[in-house]
Amino acid sequence: MAIVTGSFGSRVRWSFADRLDGVSRSPYAAGNLADHVGDDPDHVAHNRALLAGSVGVDGAHVVSMAPVHGNDVGQVTGPSAHPVPDVDALVTMVPGLALLTLAADCVPVLLGDSVSGVVGVVHAGWRGVTSDVLGKTLDALRDMGSRPENLHALVGPAICGQCYTVHDARFDEVVAVAPAAASASTAGERALDLRAAVDERLRIAGVTSTRHGACTYESDTLYSYRRDQVTGRHGGVVTLLADEER
Ligand SMILES: [Zn+2]
């Protein structure tokens, strides 16, 4: 995988991987990180270990989730061999765990606050934007002691506001809650810009954010469910470093 790595201050490291250079084979080639899409589990574990290594933890300390397009937030207190079920966000204050969020058109968000020592990840598609899973995650991080001015967000690759065409009812439902999502294709069809909605939600909350990555639908270095149906998932991890690693 081509892995991009960065920091949110002194105690939080993040990494984001595209689909290049892993060991998965077609149609999951090559850096698939998802174990729920039919890929060889050994290949997924290998790819996850590569990503975990980039933030300095071993693969056993990667905690993932099994999203259901809801808005529940999972509190992670230790390593887990299985994905946390029925949540679309994870948060933790435990150093040395790598929280993983996966996507293939939906918006993956990595969150971290080095001052209070909390990290989180979010998976937000149109339902997540409508149900404000990001806002619920920010609430959870605040309850753990984080302040918006100390929190950083990285908004990962997603299908863009020209490619994500939707029917009128869905457009209306999402835009009623998140006006920033309103977009149109170059042909003038109604479309949703989920990353614009996520950016606006972070701005309203007073959280500094940066974007990473291109349109998933247009980029063959990223997975796109709408484009390929049977495919893998790219994603990112965020880790609160143990004190000795700082
Ligand atoms: Zn696009």
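The model shown is predicted, which means the values in this text are computed figures rather than measured ones. (Residues numbered from 1 in each chain as written. Predicted model: local features only at pLDDT ≥ 70, side-chain atom pairs only at ≥ 80, totals over all residues.)

### Some details on the overall build of the protein chain
Then comes step 1: Broken down by element type, the protein chain carries six helices and 15 strands.
Then comes step 2: In summary, the protein chain has a C-alpha radius of gyration of 17 Å against a globular reference of 18 Å for 246 residues, a match within 12%.
Then comes step 3: Taken along its principal axes, the extent of the C-alpha atoms in the protein chain is 55 × 40 × 30 Å.
Then comes step 4: By residue count, 52% of the 246 residues in the protein chain fall in the buried class.
Then comes step 5: Excluding contacts between residues fewer than 6 apart, the proportion of contacts in the protein chain whose partners are at least 24 apart in sequence is 61%. (Helix = DSSP H or I, 4+ residues; strand = E, 2+ residues; numbered from the N terminus. Rg over C-alpha atoms; globule rule 2.2 N^0.38 Å. Buried ≥ 20, exposed ≤ 12 C-beta atoms within 10 Å, placed from the backbone. Contact = placed C-beta atoms within 7 Å.)

### Details of the pairing of strand 8 (residues 98-103)
Then comes step 1: Among the six residues in strand 8, six count as buried, and that is most of the element.
Then comes step 2: Where burial is concerned, the two faces of strand 8 agree: the one with Ala-98, Leu-100 and Leu-102 and the one with Leu-99, Thr-101 and Ala-103 are both buried.
Then comes step 3: Pairing of strand 3 (residues 62-63) with strand 8 involves two bridges; the strand directions are parallel. The residue bridging Val-62 from the neighbouring strand is Ala-98, located in strand 8.
Then comes step 4: Relative to strand 15 (residues 234-240), strand 8 is paired through six bridges, and the arrangement is antiparallel. For Ala-98, the partnering residue across the bridge sits in strand 15 and is Thr-239. (Pairing = 2+ DSSP bridges.)

### Concerning the sheet that holds strand 14 (residues 208-211)
Then comes step 1: The strand order across the open sheet built from six strands is 5-7-10-9-11-14, with neighbouring strands paired in mixed fashion. Strands at the two margins of the open sheet, each flanked by one partner only, are strand 5 (73-75) and strand 14. Averaged over neighbouring strand pairs, the angle between their axes works out to 15 degrees when direction is ignored.
Then comes step 2: Both strand 7 (residues 89-92) and strand 10 (residues 118-124) contribute to a ladder of four bridges, which runs antiparallel. (Axes fitted to C-alpha atoms, helices over the stretch in contact; angles between N-to-C directions.)

### Section: the sheet that holds strand 1 (residues 3-8)
Then comes step 1: The strand order across the open sheet built from five strands is 1-2-15-8-3, with neighbouring strands paired in mixed fashion. The open sheet has two edge strands with one neighbour each: strand 1 and strand 3.

### Notes on unusual backbone geometry
Then comes step 1: The omega torsion across Ser-26 and Pro-27 is 5 degrees, close enough to zero to call that bond cis.
Then comes step 2: Structurally, Pro-27 can be placed in the loop between strand 2 (12-17) and helix 1 (41-54).
Then comes step 3: Following Ala-29, the chain continues into Ala-30 via a peptide bond in cis, with omega recorded as -5 degrees.
Then comes step 4: You can see Ala-30 is positioned in the loop between strand 2 and helix 1.
Then comes step 5: Despite not being glycine, His-69 has its phi angle at roughly 60 degrees, a positive value.
Then comes step 6: Tracing the backbone through its elements, the reader meets His-69 in the loop between strand 4 (65-66) and strand 5.
Then comes step 7: Owing to 15 C-beta atoms within 10 Å, His-69 belongs among the partly exposed residues under this scheme.

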